[in-house]
Amino acid sequence: MNRTPIEFVFNFVDIEGRNISERLHGRFNGRILDLGIGQVGIESILHAISHDSSLVIFVDDPEDDFSGAMLKCDTPHTVSRLKRWIDNSRSSHCVEVYLESLDESKTISRRFDAVCRCCHSTILLAGIPETPEIYCPYCVTTSILAHEGSAILEEDRYRICDECGCFARIQTMSLFFFNTLFFLFWSSSWQKACCRVCMRKTAWLELFANILGFIGIPVALANLFDCYFGADKNIGFRDLDKANHAFKTGRYAIAANLYRDILSFVKVSSGIKYNYGMACERMGESRLSAKAWQSSIQDCGNYAPAYEKLRDIYCRSGDTASLAKLDKVFVWSYWQACPLKAKEILDGASFEP
Ligand SMILES: [Zn+2]
Ligand SMILES: [Zn+2]
């Protein structure tokens, strides 16, 4: 498919967000990222992380392991388009390279990739057993594969919350601040994405910040109402916010019971089983938490959040046999999506395709 190249204006910024370059013109055509002062091929890009209007790119560096650069673009929209296209191109390139490394006899025997329904990146499934769900390491969502289980509405909204670490419905909320003082009027707005439980504190702050100005109060009240009473379109997940709130406030036994109740409705859900494992871990039930994360991986063969937790348990308990078995399953999908983290976690271990 021919796509029009993305052209964008940006500055290089340092870790504190301060400009360290003049305004530059960039361009990405799906194969080459032109950053004004030099070009990077898609095969050299190791990882891309976005946040608001910033994009961090890690590039393979022959002299060092890697080098990174942070760009600040004009709008978050430009960054999300750019990140998505980089992920789409990089992911399909990684799968091509992997397939080229295999014998022809192996490539026809089974399917090695799948396309994420949410971000359209190509997910490498090498070594991963066939399971009802699939995890996209690029947009970090989980999808139920066709013909399996009942469809989840708005499944691209469910993922791990960056603030509390729970699998939850992620809400992107526009927050407004309008104020007047004597004859002065000023306003500002920004967007925040996290689960509704984590959003509550910000929504209260938004309401208090708007009290002097009055104009913003209806918006603030609407946001606050949504944080507490927003309905989940998926009937099985209706108590998910309640369970996550119990987890966040340290009532782990209540949270575990609520997660179990959800699982009596929703039989297949790596995310809920992941949360249940975390509640058990906080209660000191490491055997139960390991079982929950194993079950999470049985629902979703490449579910990286459960893999990381389980790996940690095996490392701590010295169970090297289980650890080696787990790493063998995960190594290629992990390597594809986040080679830097894979290097750190696997500490240079090598696995043949
Ligand atoms: Zn995706
Ligand atoms: Zn949260």
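Residues numbered from 1 in each chain as written. Chains lettered and ligands numbered in written order. Predicted model: local features only at pLDDT ≥ 70, side-chain atom pairs only at ≥ 80, totals over all residues.

Q: Hey, could you go over the nonpolar core for me, with residue numbers and the actual values?
A: One finds L124, C195, A243, A255, Y259 and A279 to be the most contacted residues of the largest nonpolar core, which totals 59 residues. No other element matches helix α7 (residues 270-282), which puts six residues into this core. In terms of domain composition, this core takes at least three residues from each of domain 2 (142-167 + 233-346) and domain 3 (171-228). Ignoring anything within four residues of it in the chain, the contact list for C195 reads C161, C164, C166, A168, R169, I170, Q171 and N244. Counting 13 residues, the second largest nonpolar core, distinct from the first, contains L33, A48, L71 and W85. (Core = buried A, V, L, I, M, F, W, Y, C linked by C-beta atoms within 7 Å. Buried ≥ 20, exposed ≤ 12 C-beta atoms within 10 Å, placed from the backbone. Helix = DSSP H or I, 4+ residues; strand = E, 2+ residues; numbered from the N terminus. Domains from an automatic or database assignment. Contact = placed C-beta atoms within 7 Å.)

Q: Break down the environment of G271 for me, with residues and values.
A: With respect to the secondary-structure elements, G271 resides in helix α7. For the pair G271 and I160, spaced 111 residues apart in sequence, the C-alpha to C-alpha distance is 8.0 Å. In this structure, G271 is in contact with T142, Y158 and F167, ignoring residues within four places of it in sequence.

Q: Describe helix α1 (residues 76-100), with residues and values.
A: Working note: α-helix, 3.6 residues per turn, so residues spaced by three or four point in the same direction. Over its 25 residues, α1 extends 36 Å from the first C-alpha to the last, a length consistent with the 36 Å expected when each residue adds 1.5 Å. Residues of α1 that are buried: V79, L82, K83, W85, I86, D87, N88, S89, R90, S91, C94 and V95. (Expected span 1.5 Å × (residues − 1).)

Q: Any details on the sheet that holds strand β4 (residues 39-41)? Residues and values, ideally.
A: Hydrogen bonds along the backbone pair up the strands of a sheet, which may run parallel or antiparallel. A sheet is described by the order of its strands in space; here seven strands give the open sequence β4-β3-β2-β1-β7-β6-β5, paired in antiparallel fashion. Two strands close off the open sheet at either side, each with one partner strand: β4 and β5 (45-51). Across the sheet, the mean angle separating the axes of adjacent strands is 30° when strand polarity is ignored. Looking at chain direction, strand β2 (residues 24-28) and strand β3 (residues 32-34) are connected through two bridges and run antiparallel. Bridge pairing links R27 to D34 in β3. The sheet strands contacting α1 are β1 (6-13), β2, β5, β6 (54-60) and β7 (66-73), and the helix crosses β5 at an angle near 155°. (Pairing = 2+ DSSP bridges. Axes fitted to C-alpha atoms, helices over the stretch in contact; angles between N-to-C directions.)

Q: Residue-level account of the pairing of β1, with values.
A: Two strands pair when backbone bridges link them, and β1 and β2 are joined in this way by five bridges, in the antiparallel orientation. Bridge pairing links F10 to L24 in β2. When β1 meets β7, the two strands line up antiparallel, connected through four bridges. The residue bridging F12 from the neighbouring strand is L71, located in β7.

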